[in-house]
Amino acid sequence: MWTQIDAHISQVTGEKFTSQQQRSVGGGCINQGYAISNGEITYFVKINQASQAAMFEAEALGLKEMLATASIRVPNPLSWGVAENSSYIVLEWLELGNGNSNSSLRDAPRWEEMGRKLAAMHKASSSEGFGWKINNTIGSTPQINTWTADWTEFYIKHRLGYQFQLARRRGGNFPSSEKLLAAIPELLTNHQVQPSLVHGDLWGGNAGCTTSGEPVIFDPATYFGDREVDIAMTELFGGFPAAFYKGYNEVFPLNPGYEQRKTLYNLYHILNHFNLFGGGYASQANRMIDEILR
């Protein structure tokens, strides 16, 4: 497998690459991660089953879309494909500070810079509406990105509605799900949304800072949507410091009513966590639904 991956790297870069070391590193809960090196250059490689090749292709294309905005730093994807019985993606190696993604961003100036740069990325828009050129994944769950002119329709059908369908198949019980879906047009009334390029899975584990002090985000679930979906998710699972939101609002102030909409947007991720992991996420989702409908 590694010989094939080395050959693909060599083909893409135009320089012979032969990995002398493949060191296991964190790759998240979905993939296996490796740092591979020839003694001079290091790359980050994520590995999964061969059937997941489309997932890595979508990740690579999403990163390229984000890179094209020349805003916030993301790892550059070099190559992706299938080697023997595995799919893979090769990414630029970015050395994160202090051993983990969040601790290196502890100081306010770096958090403010991350907020400003994310806001700059969110200013990238699409004339095709909401969605993206291909479907991708949120974790390992399919994420449907069919182009849709109306944000409310897109969010009902391709975000919450789809997650509820998957959750029912898994045995989840959400008594007020249909009532919630019917209420979304009113919940989003008067909220004027322009398509923004969003990361799509922006929690603390997918943000960090390089050893040189540059904020970086990674592991995206890219599409064009309401930029508030990214900001809302930064408040899940521990949240980002106040400096991040200060920096963001300096460049692209949030619209009135965000505080009421963020629970609606974060429900998507809690439903997805139920579909991925089960457990107590169903009861958390039901509490969120009750809060939204209150």
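Higher on the page you've got the structure.
Residues numbered from 1 in each chain as written. Predicted model: local features only at pLDDT ≥ 70, side-chain atom pairs only at ≥ 80, totals over all residues. Heavy atoms only, no water.

Some remarks on the overall build of the chain
Here is step 1: In terms of helices and strands, the chain carries nine helices and eleven strands.
Here is step 2: For 294 residues, the compact-globule formula gives about 19 Å, and the C-alpha radius of gyration of the chain, at 19 Å, lands near that figure.
Here is step 3: Seen along its three principal axes, the alpha-carbon backbone of the chain occupies a region of about 60 × 45 × 35 Å.
Here is step 4: Surface accessibility of the chain: about 13,100 Å² in total, with carbon and sulfur atoms responsible for 47%.
Here is step 5: Averaging the positions of the 23 positive and the 28 negative side-chain charges in the chain gives two centres separated by 3 Å. (Helix = DSSP H or I, 4+ residues; strand = E, 2+ residues; numbered from the N terminus. Rg over C-alpha atoms; globule rule 2.2 N^0.38 Å. Areas by Shrake-Rupley, 256 points an atom, 1.4 Å probe, with all protein chains shown as cover. Lys, Arg positive; Asp, Glu negative; His and termini not counted. Charge placed at Lys NZ, Arg CZ, Asp CG, Glu CD.)

Points about the packing of aromatic side chains
Here is step 1: Evaluation of the coordinates by the stated rule reveals 18 aromatic pairs.
Here is step 2: Considering the side-chain rings of Phe44 and Trp93, the 6.2 Å spacing of their centres and the 65° angle between planes classify their relative orientation as edge-to-face. Taken together, the residues Phe44 in strand S3 (residues 42–49) and Trp93 in the loop between strand S5 (86–92) and helix H3 (108–122) connect sequence positions 49 residues apart.
Here is step 3: With a relative accessible area of 16%, Phe44 lands in the buried category.
Here is step 4: Members of the aromatic cluster, connected to one another through ring pairs, are Phe130, Trp151, Phe154, Tyr155, Tyr223 and Tyr265. (Phe/Tyr/Trp six-rings, centres within 6.5 Å; stacked < 30°, edge-to-face > 60°. Buried < 20%, exposed > 50% of the residue type's maximum accessible area, 1.4 Å probe, protein only.)

Considering the pattern of salt bridges
Here is step 1: Taken as a whole and judged by the stated rule, the model has 14 salt bridges.
Here is step 2: With a shortest N-O distance of 2.6 Å, Glu214 and Arg73 are connected by a salt bridge. A residue pair is termed long-range when its members are at least 10 positions apart, and Glu214 in the loop between strand S9 (207–209) and strand S10 (215–217) and Arg73 in the loop between helix H2 (53–67) and strand S4 (77–83) qualify at 141 residues.
Here is step 3: Of the residues examined, Glu214 reaches a relative accessible area of 23% and is grouped as partly exposed.
Here is step 4: We classify Arg73 as partly exposed; its relative accessible area is 25%.
Here is step 5: For Arg116, the salt bridge goes to Glu112, with nearest N and O atoms at 3.5 Å. (Salt bridge = Lys/Arg side-chain N within 4 Å of Asp/Glu carboxyl O.)

Here we look at the packing of H3 against helix H7 (residues 242–251)
Here is step 1: Where H3 contacts H7, the axes come no closer than 7 Å and their chain directions differ by 40°. Relative to H7, the element H3 lies oblique. The hand of the H3/H7 crossing is right-handed. Facing H3, whose interface residues are Ala108, Trp111, Glu112, Met114, Gly115, Arg116, Leu118, Ala119, Ala120 and His122, H7 presents Ala243, Phe244, Lys246, Gly247, Tyr248, Glu250 and Val251.
Here is step 2: Looking at the contact of H3 with H7 residue by residue, the class counts come to ten nonpolar, three polar and four charged. (Axes fitted to C-alpha atoms, helices over the stretch in contact; angles between N-to-C directions. Parallel < 35°, antiparallel > 145°, perpendicular 65-115°, else oblique. Left-handed = near helix turned anticlockwise from the far one by under 90°. Contact = heavy atoms within 4.5 Å. Nonpolar A, V, L, I, M, F, W, Y, C, P; charged D, E, K, R; others polar.)

Let's talk about helix H4 (residues 151–169)
Here is step 1: The terminal C-alpha atoms of H4 lie 26 Å apart, and with 19 residues this matches the ideal 27 Å at 1.5 Å per residue to within 8%.
Here is step 2: For H4, the N-terminal capping position is held by Asp150, with its side-chain oxygen 3.2 Å away from the main-chain nitrogen of Thr152.
Here is step 3: Two residues or fewer past H4, Gly171 is found with a positive phi of approximately 95°. (Expected span 1.5 Å × (residues − 1). Polar contact = N/O pair within 3.5 Å; in protein donor to acceptor, adjacent residues only side chain to side chain.)

Concerning the pairing of S4
Looking along a regular strand, one sees side chains alternate from face to face of the sheet.
Here is step 1: Note: S4 against S5, six bridges, orientation antiparallel. Its bridge partner lying in S5, Gly81 is registered against Tyr88.
Here is step 2: Between S4 and S5, which pair antiparallel and follow one another directly, the connecting turn spans two residues, one of which, Glu84, has a positive phi of 55°. (Pairing = 2+ DSSP bridges.)

Quick word on the nonpolar core
Here is step 1: Ranked by internal contacts, the top residues of the largest apolar core, which has 63 residues, are Leu118, Trp151, Leu160, Phe164, Phe174, Ile217 and Leu267.
Here is step 2: Here this core gets eight residues from one element, more than from any other, and that element is helix H8 (residues 258–277).
Here is step 3: Not counting residues up to four positions away in its chain, the partners in contact with Phe164 are Phe174, Ser177, Leu180, Leu181, Leu267, Leu271 and Ile289.
Here is step 4: Listed in part, the 13 residues of the second largest apolar core include Trp2, Ile5, Phe17 and Val90. (Core = buried A, V, L, I, M, F, W, Y, C linked by side-chain atoms within 4.5 Å.)

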